[in-house]
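Here is how the chains run, residue by residue.
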Number of protein chains: 2
Amino acid sequence: MFHSFDYGFGNIMGFRKGACVQNVLDSVVQALLADENRKFIYVEIAFFQRWWRNQSPAVRDIVKKLVSSAQLEFINGGMCMHDEASPHYIDMIDQTTLGHRFIKKEFGQTPRIGWQIDPFGHSAVQAYLLGAEVGFDSLFFGRIDYQDREKRKNENSLEVVWRGSRTFGSSAQIFAGAFPENYEPPSGFYFEVNDASPVVQDDINLFDYNVEERVNDFVAAAVSQATITRTNHVMWTMGTDFKYQYADTWFRNMDKLIHYVNMDGRVNALYSTPSIYTDVKYATKESWPIKTDDFFPYADKANAYWTGYFSSRPALKRYVRMMSGYYLVRLLIAGAARQLEFFKGRSNSGPNTDVLADALAIAQHHDAVSGTEQQHVANDYTKRLSMGYVEAEELVASSLGFLAKSTSDKDYKKPVTKFEQCPLLNISYCPPSEGFLSRGKSLVVVIYNSLGWKREDVVRIPVIGELVTVRDSAGSEIESQLVHISNNSLGIRDYYVNAYLGKSPDEIPKYWLAFFASVPPLGFSTYTVSIAKGGASSIISRLHTTEGTKTGTIQIGQGDIKLIYAVDEGKLTHYINSRSSVEASVEQSYIYYSGYDKSDKDPQASGAYIFRPNNTFPIKSGQVPLTILQGPVLDEVHQQINPWISQITRVYKQKEHVEVEFTVGPIPVDDGIGKEIATLFSTTMDTNKTFYTDSNGRDFIKRIRDYRTDWDLQVKQPIAGNYYPINLGMYIEDNRTELSVMVDRSMGGSSIVDGQVELMLHRRLLYDDGKGVAEPLNETVCALDKCTGLTVSTSYSAVPQKLTSCIHMHGEKLFFCIVSLIQIQGNIYLRIDTVGEGAKWRRSFGQEIYSPFLLAFTEQEEDSWLNSHVPTFSWLAPSYSLPDNVALISLQELEDGKVLLRLAHLYEVGEDKDLSTMAAVELKKLFPKKEISKVTEMSLSANQERAEMEKKRLVWNTGSAPEEEPTVLRGGHIDPRKLLVELGPMEIRTFVIDFIPNILEMVQSQK
Amino acid sequence: MFHSFDYGFGNIMGFRKGACVQNVLDSVVQALLADENRKFIYVEIAFFQRWWRNQSPAVRDIVKKLVSSAQLEFINGGMCMHDEASPHYIDMIDQTTLGHRFIKKEFGQTPRIGWQIDPFGHSAVQAYLLGAEVGFDSLFFGRIDYQDREKRKNENSLEVVWRGSRTFGSSAQIFAGAFPENYEPPSGFYFEVNDASPVVQDDINLFDYNVEERVNDFVAAAVSQATITRTNHVMWTMGTDFKYQYADTWFRNMDKLIHYVNMDGRVNALYSTPSIYTDVKYATKESWPIKTDDFFPYADKANAYWTGYFSSRPALKRYVRMMSGYYLVRLLIAGAARQLEFFKGRSNSGPNTDVLADALAIAQHHDAVSGTEQQHVANDYTKRLSMGYVEAEELVASSLGFLAKSTSDKDYKKPVTKFEQCPLLNISYCPPSEGFLSRGKSLVVVIYNSLGWKREDVVRIPVIGELVTVRDSAGSEIESQLVHISNNSLGIRDYYVNAYLGKSPDEIPKYWLAFFASVPPLGFSTYTVSIAKGGASSIISRLHTTEGTKTGTIQIGQGDIKLIYAVDEGKLTHYINSRSSVEASVEQSYIYYSGYDKSDKDPQASGAYIFRPNNTFPIKSGQVPLTILQGPVLDEVHQQINPWISQITRVYKQKEHVEVEFTVGPIPVDDGIGKEIATLFSTTMDTNKTFYTDSNGRDFIKRIRDYRTDWDLQVKQPIAGNYYPINLGMYIEDNRTELSVMVDRSMGGSSIVDGQVELMLHRRLLYDDGKGVAEPLNETVCALDKCTGLTVSTSYSAVPQKLTSCIHMHGEKLFFCIVSLIQIQGNIYLRIDTVGEGAKWRRSFGQEIYSPFLLAFTEQEEDSWLNSHVPTFSWLAPSYSLPDNVALISLQELEDGKVLLRLAHLYEVGEDKDLSTMAAVELKKLFPKKEISKVTEMSLSANQERAEMEKKRLVWNTGSAPEEEPTVLRGGHIDPRKLLVELGPMEIRTFVIDFIPNILEMVQSQK
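This structure is a prediction, so every number in the text was calculated from the model and none was measured. (Residues numbered from 1 in each chain as written. Chains lettered and ligands numbered in written order. Predicted model: local features only at pLDDT ≥ 70, side-chain atom pairs only at ≥ 80, totals over all residues. Heavy atoms only, no water.)

Visitor: How should I be thinking about the sheet that holds strand β42 (residues 899-905) of chain A in this particular structure?
Guide: Strands belonging to one sheet form pairs held by backbone hydrogen bonds; the direction of such a pair is parallel or antiparallel. Residues and elements named next belong to chain A. The 4 strands are arranged β41-β42-β46-β44 in an open sheet whose pairing can be described as antiparallel. Among the strands making up the open sheet, the edge pair consists of β41 (886-893) and β44 (932-938). Averaged over all adjacent pairs, the angle separating strand axes in this sheet is 25°, with direction ignored. Where β42 meets strand β46 (residues 988-995), 6 bridges bridge the pair, whose relative direction is antiparallel. The residue bridging A904 from the neighbouring strand is I988, located in β46. In the packing of helix α4 (residues 89-107) onto the sheet, contacts are made with β41, β42 and β46, and the angle to β42 comes to roughly 150°. (Pairing = 2+ DSSP bridges. Helix = DSSP H or I, 4+ residues; strand = E, 2+ residues; numbered from the N terminus. Axes fitted to C-alpha atoms, helices over the stretch in contact; angles between N-to-C directions. Contact = heavy atoms within 4.5 Å.)

Visitor: What is the right way to read unusual backbone geometry from this model?
Guide: Glycine aside, residues mostly have negative phi angles, and peptide bonds mostly take the trans form. Cis geometry is adopted by the peptide bond preceding P666 of chain A, which originates at G665 of chain A and carries an omega value of -10°. Structurally, P666 of chain A is set in the loop between β27 (658-664) and β28 (675-683). The step from F296 of chain B to P297 of chain B runs through a cis peptide bond, and the omega angle for that step is -10°. As for its position among the elements, P297 of chain B is in the loop between β7 (290-292) and β8 (299-301). One non-glycine residue, F242 of chain A, lies in the positive phi region at around 65°. If you trace the backbone, F242 of chain A turns up in the loop between α7 (211-226) and α8 (248-264). Of note, the phi angle at L522 of chain B is positive, near 40°, even though the residue is not glycine. With respect to the element layout, L522 of chain B can be found in the loop between β15 (511-519) and β16 (523-531). Here L522 of chain B falls in the buried class, since its relative accessible area comes to 3%. (Buried < 20%, exposed > 50% of the residue type's maximum accessible area, 1.4 Å probe, protein only.)

Visitor: Which parts of the structure should I look at to understand helix α6 (residues 146-154) of chain B?
Guide: Since there are 3.6 residues in each turn of an α-helix, residues three or four apart along the chain are aligned in direction. Residue and element names in this part refer to chain B. Considered for burial, the residues of α6 that qualify are Q147, D148, R149 and R152. Buried-residue contacts for α6 involve β5 (159-163) and β7. Of the residues flanking the start of α6, the one acting as N-cap is D145, its side-chain oxygen 2.7 Å from the backbone nitrogen of Q147. Once α6 finishes, N156 follows within two positions and takes phi at roughly 50°, a positive value. (Polar contact = N/O pair within 3.5 Å; in protein donor to acceptor, adjacent residues only side chain to side chain.)

Visitor: What's the story with the state of the cysteines in this structure? I'm lost.
Guide: Note on terminology: disulfide describes a covalent bond linking the sulfur atoms of two cysteines. Residues and elements named next belong to chain B. Under the defined criterion, the tally for this structure stands at 2 disulfides over all chains. Each sulfur of the disulfide joining C422 and C430 lies 2.1 Å from the other. Handedness here is read from the sign of the S-S torsion; for C422 and C430, about 70°, the answer is right-handed. By relative accessible area, which is 0% here, C430 ends up buried. (Disulfide = S-S within 2.5 Å.)

Visitor: What exactly am I supposed to notice about the sheet that holds strand β29 (residues 690-695) of chain A here?
Guide: Residues and elements named next belong to chain A. Pairing within the open sheet is antiparallel, and its 10 strands lie in the order β18-β24-β25-β26-β27-β38-β33-β32-β29-β30. Each edge of the open sheet is held by one strand with a lone partner, namely β18 (542-545) and β30 (699-704). Ignoring strand direction, the axes of neighbouring strands in this sheet form an average angle of 20°. Note: β27 against strand β38 (residues 824-834), 7 bridges, orientation antiparallel. Each residue of the ladder has a partner; that of F662, found in β38, is G826. Sheet contacts for helix α18 (residues 838-850): β30, β32 (729-733), β33 (737-743) and β38; angle to β33, the most-contacted strand, approximately 10°.

Below you can see the structure in the form of structure tokens.
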């Protein structure tokens, strides 16, 4: 019997008005002190920290004692109980690490239990990576499909051994359990102030004396649960959302229940925790059924598939992903800081990335990036991310400035170059690149690559003039192309710049300047853009349209990839890769689903959580002329699909994929109908109902339409019931080819028809779906005084002066206060490969989407920059780069000067014939200028040594002879002389590295 | 700044579902411990006691320290915050004494402040008697008339010096204050969990930081209140109904407000209490306006006169009054116990009257006897009273049995006579008197008189047969009369006996046997009823009706009083007292008011609190024949006014008043219209808008129709706005005569037309009036399975087995589970005197109504009783009785063997030419068989010595020259040799008396 929590909903730092975590913790501490039998579990550390900061040393001391006596236990222990559909696995690891290291530092504790009671479906990555690899002994959750739950109740299989990873099998399994009914106490056992359950009245003199009755209720509920549970032990979650505002009301009643129930003797009741429960379950040596894959999608009744939230608030989802990628700049900052500390001494109090880290951590909450919060709460999350970004941006600028200083000039006291960055580059707003020519200057673009591989990619920046030339780090002129910015794009640019900054942009750029840049691993290159004086000038794209043309086809693509368009229909028909000889018929189209309102006899509406399409409508693009721009770097096809959907399809000369930049919205709802917009890629492939979607951007899971592995699916919602979350991408295959689409944020996707891939891009709905958000998902945006719906000044009215309008507070600093866009823009990437060849692109390009080039700008007089600065740089040893199948996903200086390093193998077992193999990383070449004294391998969340974690691992009994298990390949022990880190497929290894503190020598030898 | 409470509403021992006093006290104690600056006041002791009983010695110790350091202060300190309209002053004193003595005993504290924040109007008796005479330094309340409040706000006269007593003037004045708006915190300063007020956010890093804003709000609210308040001090009541469930939420915010407001410096904020506030107000030496009389009636807006509750739940009101009168049996029990203790030793744990005392105490709550609670709460109050009654009834029976034992037989081990009592005598149900004849026995009726005077009154008991004779204590046959019981009465008897007992009565009595009994003061007489064998038999009433008679008049009355009825109209026309030569024209009629529903543009409905009549309808009684019964003891006139109103008018040969026994109901509401039933007595008297109503059964206050002394009344509700509470009675007068009506319970009354007196008897309404009860006042009653509306089994479903049905649990024991009568029965008493002569009857007869004869029955074989038992007895010295103007209102043994004695002078100054004078009581004759060692005069609530209380009394400045004050006559010091207690007009003196413990001698000399 214990207490569960779910605190993010409503208000990320408070929760609902008037109810707050402070009440819970204050009153729980008192209640625990009052009786040492009482126990309480606490889950979400972000909210705990806020409280902890305000506690006196005396209270902290009390709490520490309660924790050490296990009356108060931290479980799950990440900053929040993250969503399992929308977050990227790197974010899940980071936010868990933040929480776990806090618990370790303050309390010396290592949480043992995963506790994902509220998220709306459960991912494989959660089970094996954020569960087993974190060292958890069990994982509990509340929500599983109602059909699945019924079957599991009948078969006593709510509790299982979950093997979430194909690659790791039983080596990363975890004991996992769902409750009989979400995460509520048994009916009639709610004891919050004003709850309706009868309190236990044991004063025989009072008229409401009810001990026998309550004991009978208790026993009946226990027996009822016991009949669907293996072993003699059942657990009750004594709490629910927003409860324990005055903990005593619960404990007082539970005290009495335990007392009288045990006197009664039919069942034995005690204060327990999930840890104690796990231990007693383990001790029974019971055998448990095996569960593989995941628990998606989730429906709690026939018409309530919780698959809408996979795409809810697409702008917030994109912003979270952008910030997540940007947060990798801590690699850069960590590196720069190691140089700087010699000069300045270490400073923990200065600007750092902690604000961004905290904001990103809580943004992973199951009512944050999920898109299922109220508008003002979404605004709050966004604001926190923006503030984190602003601080990180400054650090990046100064770090780059410091690194770019010439060797002879490395004096920290001299000012460094002040770089600017362009977070609104996606809507073609970038003041430095737009203004330099008019100021008679050249533009210096420092391009940082946070991947461990050398990277070549096209950079696009908006410019005003035409006569420009681009030089590389060596000062050589390189090919570049000017691509006309469409009026459509300029309109969006103007509108959103106004919305973000409260003013129109100063300049109006005419072109995108596109050029191909090459950057070393974990390093930067410098490109300069200047007025073309006699030299080779950038080439203006050839522009033509199909307007007036009625028949025929058009082919675009300067390299291996060609796209064929049918002029009469104005649409894509074929995809050709001449290198790999792949040729496929592909069409793309847009559709919308009309959302159910509440008028049906089942009043379930489509909303922030729920996807309940009423009907499907094609969005015709026929007869729309194509506008085509072509040049040496890339070709573009512009299409205005309808008044509120447009897209640009790009094919790069040196890339083998297609980029589709879509702009959707404002979705019209004047007809009173909510709409959910999807795009479809249709082929003739024979895919046999099968498609593959990723789990949190990591493992791919096979999906079969209208089918579940675990039970005989009753199909009630043939569309919503086949939607799955997409974070990295999805693919389909037949015996010849495979088609992959990759995404720039999390969204929902499916394959409703064989040969087809479907992605839901945007949703605007007019009814609340009754699952808790209590607000329709009807995002609107305001630009100054032209505003419909939500206004910024209203929603932030309670904010003190210094933050009254985040739009204006930092002047030119960009604050993403409003991501509740009526209109969203994004990218989908498409590629077709010979079957078996797609993984390489999905994995390596997936890293590139996640970690785009970071651009920093400054101006210079003439061409002086390259002479006075370091033009190109890598953190790695010369010409070393990480293996193709390994990514560096964390590199962070810890407070004690040690470094936290996390390396991830990118391939599953059998995924690629070359790359699903053991890889090795040479640490010496990762840290060429430092001497490693010790490498300690840690659990995934870096709160205990890996060896210690493995030693404690429980071995659960799965009864029948084990299914054939894959041979699990994991890297071996690190030889301290070789310092070679091996990684088997899908392996993520986490290290804390100690260096020999010979900083002086190290720094002086640097360059 | 402090915290106010109002706990009775909703559920008398819990309050609303889930919210409870336990939460408040548990969490307040923690919050006070956390910071010694914090303070809290606690008011209602009944609820505190329940909590206190369950606390460990450690917690009690902490609480005692908090009380002694004044962090926790008890104010008001009665068992509950009693109503001020419906309770009798004796009940108010008793319930306050119970609470005050508890506080004294447990904490050594004496509450200093009256705190009547919620009651709906404020009585003069509250101010001078339960305020000044209790020793309070001030009295605060929340509700005063909205017009009055406006004027007082304009004139800074919300705070006054209140002289509630004409008789005592400034010698019983009190500093009193109303708040600017009921008892709420300033708008925006509510800090309960889930309240809407913004919490004080002082973390500058959080977006909802709002310190400046909240400080500004605070200062603005303080300044606003300061402009309507004299002196620089204002107080805020930081709390309201059902709050402080988790006290920390309030204290946390108040801590911050105090901190930041004081930093700001414009105002100074502190945790205070009403005591501290009173002291600082006093210290200013400010001068205060004088207030006299009371604050009735109360309206909070034009159409919301809270005058309906004066009559709401008339059956509950009667039951409370019956129990209150019955509780005076503790005089009898105390006396008997003093004899018994010699034999048995004192026992505090045995049966006693504590349960009845506690039940009566909480029944005085402003949402109890007021009739403004929900039905199930009314049932709960009633049940508690019944349980108290059952225990007291047993004590009375055994006490009488013991006292009636013959002197030679006074061995406590021998069983005493088992007396029965007949609490349902009012509906002619009395098994012992009905059955003795059929069993061939005689009936012994022991009649106890709890008044201090010899008393002669008619006793009526139902009997089966006709040939009976009555003998007095000396064995002499006396005159008696048999009065036919009407079929109407038998129907009611059958129905309610069924409802109470779950079965029909065994026998059907045919007659009331009426005889005149004479009983010594504080003593009993014994009458026997047996079969008349040759001797004088009881005389059967002459019965005739006016049926068929069309004209003429009929006169009834065998003594001085004659009533003349007009046969054609079937109604009373004249009243004649031949002794005093008073002759007056009097008519009686019934009317009903239709209650407003919610259809008006002001949706204020008539309801439990509010009286808002829509229209007035006469209830015609014309043409109804009179049934007349006449005989030697009394005459009766029976009238069936309409199908649901009947009445019996009685004139006793030896009495000079008229008794009207009315039966009203079930009020029909099938027409969808709620109705409020009043009866009118109309005369030709020229009363000039003036009438007199009592204050809690004590002082009479002059009322002038459509007029208020304190402000220029805007008349919006000419009927509801002229209603006043009646507890004892009301009267009108002109220069010749005065007409008095006396009541058997509290009800509302008025004089809407000159010469007329109006009493509201019953109300049944179909809409909630929106003042908090959240239920229409639509009382229904169930008899077994014939039940409309509320069922007993439903409403008590949560009660454990032993109490499941209070109807059946004690078998023949009568449980008044259902007082929610669809039909009520009661008595009004009428008398007309020469002007200036009415007070004597009102005062002495008022005592008789309050303390009717207590009848106890047993059977005997033949006439053996008088020979073997003590037939008559008085506690007083032989032939001593109290003066006519003094009543003994409390006599109670205390735990330490001392006795608490309270004597009350019954007349106001100038009320009666003979009796408004100093009276004297001889204590030696009050306790003839005991020797008094010490008499200590106490404050009214007996928690401190009177002298000490007087020494501390604050002398408030009332500025201008004092108005002419009456000469205040108070009794002097008690000479320990004479032991004579003097009492001036209206004086109530409270004593604790010590006796010389010579029990053996005392007892042996007894009789």
